[in-house]
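Below, each chain spelled out in residue letters.
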Amino acid sequence: FSAMQLKHYIPLDFSLAELLISLSMLAIIVVAAYPSYTEYSLRNKLSDATTTLAKLRLALETHHQTERSYLDHAANSCALKPLSTTYFDFTCVEATDKGFTLTASSKPYVDLGAGGRYEFTINQDGKRKTLTFAGSMVNADCWMMSRDGC
């Protein structure tokens with residue numbers, strides 16, 4: 001190489017030390033970010049249940065305004081038919097002329113993390129409950145979105 005060629009020579013290869021340092025930094029970033037990402041992903045999936053429950057409650061309230069009952073008298077059952085989304089099944093239980101309880105139960109074997117089962121409810125008064133969170137019975141008077149509580 002001449003002096004002129006050395007001046008413009010830029011090495012394009014990496015040493016083993018540089019490669020190991022880069023991989024170590026990447027591993028640290030992944031280890032730090034993964035728990036936050038999984039928690040964010042779970043909260044997003046749980047919001048599917050709570051948002052749908054709120055919408056279903058509104059639909060039942062609308063039915064009650066026109067029919068003066070939460071029941072479908074022709075079928076002698078809740079005016080709301082069972083519904084299913086990607087992660088949850090929704091049912092109307094304890095329906096009467098004057099009240100109802102809607103339940104969102106997580107489907108088995110869907111990607112809700114290693115936590116297990118989730119179950120949320122809402123009634124005609126808007127009272128929200130979490131019955132099961134991450135496989136554990138909790139019976140909280142709110143919709144839990146994380147293990148920290150409401």
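Remember, predicted model here, so these are calculated numbers, not experimental data.

Overview of the environment of serine 146
Of note, serine 146 is situated in the segment after strand S8 (136-140). Once the C-alpha coordinates of serine 146 and leucine 46 are considered, the two residues, 100 residues apart in sequence, prove to be 9.4 Å apart. Excluding anything up to four places from it in sequence, serine 146 contacts Glu39 and Phe133.

Concerning the pattern of salt bridges
Summed over the entire model, instances satisfying the criterion amount to four salt bridges. Note that lysine 81 and aspartate 72 form a salt bridge whose closest N and O atoms lie 3.4 Å from each other. You can call lysine 81 partly exposed: its relative accessible area is 46%. In this structure, lysine 129 engages aspartate 141 in a salt bridge whose closest nitrogen and oxygen atoms are separated by 3.8 Å. One end of the pair, lysine 129, is in strand S7 (residues 128-133); the other, aspartate 141, is in the segment after S8, and 12 residues separate them in sequence. Since its relative accessible area comes to 22%, lysine 129 is described here as partly exposed.

Considerations on the side chain of glutamate 61
Among the structural elements, glutamate 61 can be located in helix H2 (residues 16-67). Here glutamate 61 sits buried without a salt bridge, and the closest side chain of opposite charge, arginine 57, lies 4.2 Å off (N-O distance). Not counting residues within four places of it along the chain, the set of residues in contact with glutamate 61 comprises Tyr70, Phe100 and Gln124.

As for H2
Between its first and last C-alpha atoms H2 spans 75 Å; for 52 residues at 1.5 Å apiece the expected length is 76 Å, and the two agree. The axis of H2 is deflected most strongly, by about 30°, at alanine 33, and proline proline 35 appears within four residues downstream. Taken together, the buried positions of H2 are occupied by Ser41, Leu42, Lys45, Leu46, Ala49, Thr50, Thr52, Leu53, Leu56, Leu60, Glu61 and His64. Structurally, H2 contributes buried residues whose contacts are with strand S2 (77-78), strand S3 (83-84), strand S4 (88-93), strand S5 (101-106), strand S6 (119-123) and S7. Downstream of H2 by a residue or two, arginine 68 has a phi angle that is positive, lying close to 60°.

Rules of the game
Residues numbered from 1 in each chain as written. Predicted model: local features only at pLDDT ≥ 70, side-chain atom pairs only at ≥ 80, totals over all residues. Heavy atoms only, no water. Helix = DSSP H or I, 4+ residues; strand = E, 2+ residues; numbered from the N terminus. Contact = heavy atoms within 4.5 Å. Salt bridge = Lys/Arg side-chain N within 4 Å of Asp/Glu carboxyl O. Buried < 20%, exposed > 50% of the residue type's maximum accessible area, 1.4 Å probe, protein only. Lys, Arg positive; Asp, Glu negative; His and termini not counted. Expected span 1.5 Å × (residues − 1). Bend = angle between axes of the 7 residues up to and from the residue.

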